[in-house]
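Residue strings, one per chain:
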Amino acid sequence: MTEANEQEKRPLTLRSGGTLGLRRPVETGQVRQSFSHGRSKQVTVEVRKKRVITPGSSPEPGQAEPTPTVARAQPASPAAAPETAEPRRLGGTPRTLTAEEHATRVRALQDARKADDEGRRRAALREEDRRRQQEEQSAEEAKRQAEEEVRKRAEEEEARKRTEEESRKKAEDEEARRREEESRREVAERAGKAAAAKVAALAAAGKVAVPAEEEDEAPAAARPGRRPEARRPATPAPRHEQRRRTGKLTVTRALDEDAGERMRSLASVRRARERERLRMHQEEQPKIVRDVVIPETITIQELANRMAERGADVIKALMRMGVMATINQVIDADTAELVVTEFGHRLRRVSESDVEIGLRGDADATEMLDPRAPVVTVMGHVDHGKTSLLDALRQTDVAGGEAGGITQHIGAYTVTLKGGKQITFIDTPGHQAFTSMRARGANVTDIVVLVVAADDGIMEQTVEAIRHAKAAEVPIIVAINKIDRPDAKPERVRQELLQHELVVEELGGEVLDIEVSALKKTNLDKLEEAILLQAELLDLKANANRAAEGVVLEAKVERGRGPVATVLIQRGTLHVGDIFVAGGEWGRVRALIDERGENQREAGPSTPIEVLGLNGIPLAGDDFVVVDSESRAREVADFRQRRRRDTAAAAGARGTLEQMFSQIASGVAKELPVVIKSDVQGSLEAIVGSLEKLSTSEVSVRVLHSAVGGINESDVILAKATNAVIVGFNVRANPQARDLAQRDAVEIRYYAIIYDVIDDMRNALSGMLAPTLRERFLGNAAIREVFNITRAGKVAGCMVTEGVVRRGAKVRLLRDNVVIHEGSLKTLKRFKDEVREVRDGYECGMAFENYQDIQVGDVIECFEVEEVARAL
């Protein structure tokens, strides 16, 4: 049975000598409180007592319950919970604590003591840290004060020396002025004495009468009967040394003329001394003449910085020249030269293009050159087997991956022969749109392999490839392909080459020709031997131990990799981490990837490599140069971008703004705005060039924006604002751009073959052409009678003499074979009925729309106008 049940069964008893009740733990007393005006009040005051209970003892009857002295006691164990939760008894002896309760309270007291000790220890550590920090701060403050004292003493010593020097100079100046004044005074006194003696002699002789006012001033020696008096020599103070005023200055004293000239105040003297001291300290520093570099254009702020002059002074100088400018305004080099000359500096004129000076290194010495692999460009007409021949050489399948089976990208590959020698092949497209790609491939190559199909012979792009190769002055090797076909005629190909000044060896010339079959892999070894033989004759060498230089063959944007450029290294070695400039872009090489997709640490001469790390997409054909610093790379790239923008703006202002806008305003020309996005730079260049060739004087393609990469939201917004068509070549729109295009009804056309792009744009331009109006004769009618009908006007009674007359057709009124009126018929009747047409030999009545001047004998000619669609 628990203690709670036992408590319920115990009888309720009273303690001896007392009554049943609870003692208040407070004591009360009466205190009289006094107020103003003699009032007072009896106030009851309670004093609460604190009851202290020790383990094992019961509280005194007159004492209150003790408050807990343990602030952070741990909770009791579950076993002790019922005992601690036992209600307090109203009377009798308090319950004695159990051993477990006693141990719990002891542990709580010990934990509290430990917590207090830990808190005191931490407080002591914090106090120690604070005291150490204060000591460090005090030491630093003392050190700083000592340094300040040393500096102040040095400044005071310097000031004292300057003051002494000034005092010495001033004393010397005062002494020189005093000596000069004394000499002037002595001269004046001698002259005065001589004049007075002369006057006295004349007066004694009676020749001159001395006025009464001057008698007092005459010398005593010249007056008869009077003894000369000794006079004190007067030493008047120099005029520049005014004595300081003494006494109080009153209005009467200040205005009294007898009081003499007013003296300077002490404050005025102090101010004068202070100005003199500042003037001595601010002696003019010698002007420093600087060499100022003046580019073609420069801002006023930059010019002031280079001259180390204040911007306000430069602006004042420009104002004196009649040029009103602000601090951020750009001025030309001639104006800047005048400003620099006025300020007394030396100038050096430079051009913005000077940043490219020394970008490419000097020519390499002969002893530093090593043999390199030849660079071979495969060229020819479309579908003559260029890529298939390259596949056969590489033992791969590249043509199968091209859309439509045609090459639309420029590719570069390295082929290792059985003997260990290497050949770098550059594959170019054969379509007529890729003229710039073929020209670029011919310019960077050592040897051109001209692929000609034996069944087709010389075609249009074959002739173009021959011209590019001759312009680049590179040797040509003719590969007559498709000899496995039954209709192959290699001899016809050799004869046709003669028309273009290419004489093969069989016909007594120097041009190598090899009959090959890419499909059967026939004579491929002979083609390789011919290439190596031509390379030996060229003696191709390059220096690999220098900074890399090359040319950008292709550029594109890849997801997750950013801008990627295919670069052909021409000399030097490119390493990971090099800083380079590629056209108008720059970057740092993050990775080098070969044609097999493997990472490389470096790339030597004649090596095609993909470079990652550009900050933008360069143009195909741009030069690729490694520079020594990032600042140099950024400076060159900024200059090239600025020059490219200026060139584009000048071309656009000349062609588009002046001509196109005037033609559009006059209704002569129409425009088809397009936004072009492509996967690589070369394809984009070919598409833009092909579309520009479609333009005529009446319709034209306006390329608003062209870039490499996927179609994004900004492209859709631009197309929506200009009602343009978005052309995506081997790219797709992202989900956000696709949703925006559907919402704004912007047309996006996707293409994978360049033929389709050109054909669709040609059809769109053809639809914009104004149709041709063609007139078709219907018939003639002669007017036999003219009737005046109320509310209908004049009606002509006619006889159809030729063809047919239709209602709604156009008519002309002829009088003596001269066109009097051209319009439309208002009504066509036969008897009283409206009819649609009247044929030859029948009579009818006709009335013109808004025309009444008809006469008997006039001829009405009826005709129709047809619109015939035009095509480019």
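All figures in this text were calculated on a predicted structure; none of them were measured in a lab.

Points about the overall build of the protein chain
Here's step 1: Along the backbone of the protein chain there are 19 helices and 35 strands.
Here's step 2: For the protein chain, the proportion of contacts with a sequence separation of at least 24, taken over those separated by at least 6, is 67%.
Here's step 3: Per element, the accessible surface of the protein chain, about 54,400 Å² overall, is 49% carbon and sulfur.

What about the packing of aromatic side chains?
For any pair of aromatic rings, geometry is given as the distance between the ring centres together with the angle between the planes.
Here's step 1: For the structure shown, the criterion picks out two aromatic pairs.
Here's step 2: Stacked on the ring of Y750, the Lys or Arg R732 has its end atom at 4.4 Å from the ring centre.
Here's step 3: Its end group placed over the ring of F863, R812 keeps NZ or CZ at 3.9 Å from the ring centre.

Things to note about the sheet that holds strand β11 (residues 447-453)
Strand pairing within a sheet occurs via backbone hydrogen bonds; the two strands may be parallel or antiparallel.
Here's step 1: Read across the open sheet, the six strands follow the order β9-β10-β8-β11-β12-β13; overall the sheet is mixed. Each edge of the open sheet carries a strand with a single partner, namely β9 (411-416) and β13 (512-515). Pairwise comparison of adjacent strand axes, ignoring direction, gives a mean angle of 25 degrees for this sheet.
Here's step 2: With four bridges connecting them, strand β8 (residues 375-380) and strand β10 (residues 422-427) associate as parallel partners. Within β10, the position partnered with V378 by the bridge is D427.

Observations concerning the pattern of salt bridges
Here's step 1: Within this structure, the stated rule accounts for 60 salt bridges.
Here's step 2: Note that E302 is salt-bridged to R306, the shortest N-O span being 3.0 Å. Placement of both E302 and R306 in helix α7 (residues 300-307) is noted, with a separation of four residues, approximately one turn of the helix.
Here's step 3: Its salt-bridge partner being D853, residue R815 comes within 3.9 Å of it at the nearest N-O pair. Highlighted residues: R815 in strand β30 (residues 810-815) and D853 in the loop between β34 (843-848) and β35 (859-868), separated in sequence by 38 residues.

Comments concerning the side chain of D455
Here's step 1: Positionally, D455 belongs in the loop between β11 and α12 (460-472).
Here's step 2: A residue is classified by how much of its surface remains accessible, and D455, at 14% relative accessible area, is buried.
Here's step 3: A distance of 2.8 Å separates the side chain of D455 from the side chain of R485, its partner in a polar contact.
Here's step 4: Non-local contacts of D455, meaning those with residues more than four positions away in its chain, are made with K482, R485, D487, A488 and R492.

Topic: unusual backbone geometry
Here's step 1: Despite not being glycine, K521 shows a phi value in the positive range, around 60 degrees.
Here's step 2: Summarising the element assignment, K521 is placed in the loop between β13 and α14 (524-538).
Here's step 3: When its relative accessible area of 45% is taken as the criterion, K521 is described as partly exposed.
Here's step 4: The backbone of N523 sits at a positive phi, close to 60 degrees, despite the residue not being glycine.
Here's step 5: Under the relative-accessibility criterion, N523 is labelled partly exposed at 23%.

Re helix α9 (residues 333-342)
Here's step 1: When we look at burial in α9, the residues that qualify are A333, T335, A336, V339 and V340. Down the axis, α9 shows its buried residues gathered within 160 degrees of arc, on one side only. For α9, exposure combined with an orientation more than 90 degrees from the buried face picks out L338 and T341.
Here's step 2: At its buried positions, α9 is contacted by β3 (291-294), β4 (297-299), α7, α8 (311-320), β5 (330-332) and β6 (346-349).
Here's step 3: Backbone geometry just after α9 places G344 at a positive phi near 85 degrees.

With respect to the pairing of strand β22 (residues 607-614)
Here's step 1: Here β22 lies mainly inside the structure; seven of its eight residues are buried.
Here's step 2: By the bridge criterion, six bridges tie strand β16 (residues 562-571) to β22 in an arrangement that is antiparallel. Residue pairing in the sheet places T566 in a bridge with E610 of β22.
Here's step 3: Inspection of the sheet shows strand β19 (residues 585-593) paired to β22 by four bridges, in the antiparallel sense.

Looking at the confidence of the model for the protein chain
Here's step 1: Looking at the protein chain, the pLDDT average stands at 77 and 76% of residues meet or exceed 70.
Here's step 2: Note on residues 404-408: pLDDT under 50 across the span, and 21 contacts to partners over four residues away in sequence or across chains.
Here's step 3: For the stretch residues 653-657, pLDDT sits under 50, and the model shows eight contacts to residues farther than four places along the chain or on other chains.

Quick word on the side chain of Q681
Here's step 1: Relative to the helices and strands, Q681 is located in helix α16 (residues 681-693).
Here's step 2: Apart from residues lying up to four places away in sequence, Q681 is in contact with E554, A555, I617, P618, L619, A620 and V708.

With respect to the nonpolar core
Here's step 1: In this structure, L389, F425, L527 and I531 are the most contacted members of the largest nonpolar core, which totals 27 residues.
Here's step 2: At the level of elements, β8, α10 (386-394), β9, β10, β11, β12 (476-481), β13 and α14 are the ones that each hand at least two residues to this core.
Here's step 3: Top element by residues in this core is α14. It accounts for six residues.
Here's step 4: Sequence-distant contacts of I531, defined by excluding residues within four places in its chain, comprise V376, I423, F425, I447, V449 and I477.
Here's step 5: In this structure, L672, I687, L765 and L769 belong to the second largest nonpolar core, which totals 23 residues.

Digging into the sheet that holds strand β26 (residues 725-729)
Here's step 1: Spatially, β25-β24-β26-β27 is the arrangement adopted by the four strands of the open sheet, whose pairing is parallel. At either end of the open sheet lies a strand with only one pairing partner, and these are β25 (699-708) and β27 (748-751). Strand-to-strand twist across the sheet, computed as the mean angle between neighbouring axes with direction ignored, equals 25 degrees.
Here's step 2: The sheet contact formed by β26 and β27 spans four bridges and is parallel. Bridging across to β27, G728 finds its partner in Y750.
Here's step 3: This element, helix α19 (residues 754-768), spans β24 (670-678), β25, β26 and β27 of the sheet and lies at about 160 degrees to β24.

Concerning the packing of α16 against α19
Here's step 1: Viewed as axis vectors pointing N to C, α16 and α19 meet at an angle of 30 degrees, and their least axial separation amounts to 10 Å. As far as their axial angle goes, α19 and α16 are roughly parallel. When you trace α16 past α19, the crossing you get is right-handed. For the pair α16 and α19, contact is made by A686, I687, S690 and L691 and by I754, V757, I758 and M761, respectively.
Here's step 2: Here the residues of the contact of α16 with α19 are counted per class, giving seven nonpolar, one polar and no charged.

Overview of α7
Here's step 1: What α7 keeps buried is the set I300, L303, A304 and M307. The buried residues of α7 occupy an angular sector of 100 degrees when the element is viewed end-on, so they sit on one face.
Here's step 2: Turning to α7, the residues buried within the fold contact β3, β4, α8, β5 and α9.
Here's step 3: A308 occupies a position one or two residues after α7 and carries a positive phi of about 60 degrees.

Some thoughts on the environment of A582
Here's step 1: Positionally, A582 belongs in strand β18 (residues 579-582).
Here's step 2: Owing to a relative accessible area of 0%, A582 belongs among the buried residues under this scheme.
Here's step 3: Sequence spacing of A582 and A637 is 55 residues, and the spatial spacing of their C-alpha atoms is 8.0 Å.
Here's step 4: Those residues in contact with A582 that sit more than four places away from it in its chain are V552, L614, P618, D622, D623 and F624.

Rules behind the numbers
- By convention here, each chain's residues receive numbers from 1 onward along its written sequence.
- The model is predicted, so local features are restricted to residues of pLDDT at least 70 and side-chain atom pairs to those at 80 or more, both for listing and for counting; the totals for chains, interfaces and linings are taken over all residues.
- Think of the side-chain values as coming from all heavy atoms in the structure, minus any hydrogens and water.
- Think of it this way: any DSSP run of H or I at least four residues long counts as a helix, any run of E at least two long counts as a strand, and we number them from the N terminus.
- Should any heavy atoms of two residues lie within 4.5 Å, those residues are considered in contact.
- Residue-level accessible areas treat just the shown protein chains as cover; the underlying method is Shrake-Rupley with a 1.4 Å probe.
- Note on aromatic contacts: the rings of Phe and Tyr and the six-membered ring of Trp form a pair at centre separations within 6.5 Å, being stacked when their planes are under 30 degrees apart, edge-to-face when over 60 apart, and tilted otherwise.
- By definition here, charges over rings are those cases where NZ of Lys or CZ of Arg is within 6 Å of the ring centre and within 35 degrees of the ring normal.
- Strands qualify as paired when DSSP identifies two bridges or more between them.
- Helix axes use the C-alpha atoms of the stretch in contact, all axes being lines fitted to C-alpha atoms, and the angles between their N-to-C directions lie in the range 0 to 180 degrees.
- By definition, a salt bridge exists where a carboxyl oxygen of Asp or Glu is found within 4 Å of a side-chain nitrogen of Lys or Arg.
- With a 1.4 Å probe rolled over the protein chains alone, any residue whose accessible area is under 20% of its type maximum counts as buried; one over 50% counts as exposed, and the rest are partly exposed.
- Contacts described as polar in this section are N or O atom pairs within 3.5 Å, which, within protein, must combine one atom able to donate a hydrogen with one able to accept it, while residues neighboring in sequence count only if both atoms come from side chains.
- The directions from the helix axis to the C-beta atoms form the arc being described.
- Confidence scores here are pLDDT values: one per residue, from the predictor, ranging 0 to 100.
- Buried Ala, Val, Leu, Ile, Met, Phe, Trp, Tyr and Cys residues that are joined via side-chain atoms within 4.5 Å together make up what is termed a nonpolar core.
- Any angle that falls under 35 degrees is termed roughly parallel, while one over 145 is termed roughly antiparallel, one within 65 to 115 roughly perpendicular, and all others oblique.
- Crossings are sorted by hand: turned counterclockwise from the far helix by less than a right angle, the near helix makes the crossing left-handed, and turned clockwise it makes it right-handed.
- Here the nonpolar group is Ala, Val, Leu, Ile, Met, Phe, Trp, Tyr, Cys and Pro; Asp, Glu, Lys and Arg are the charged ones; every other residue, Gly included, is treated as polar.

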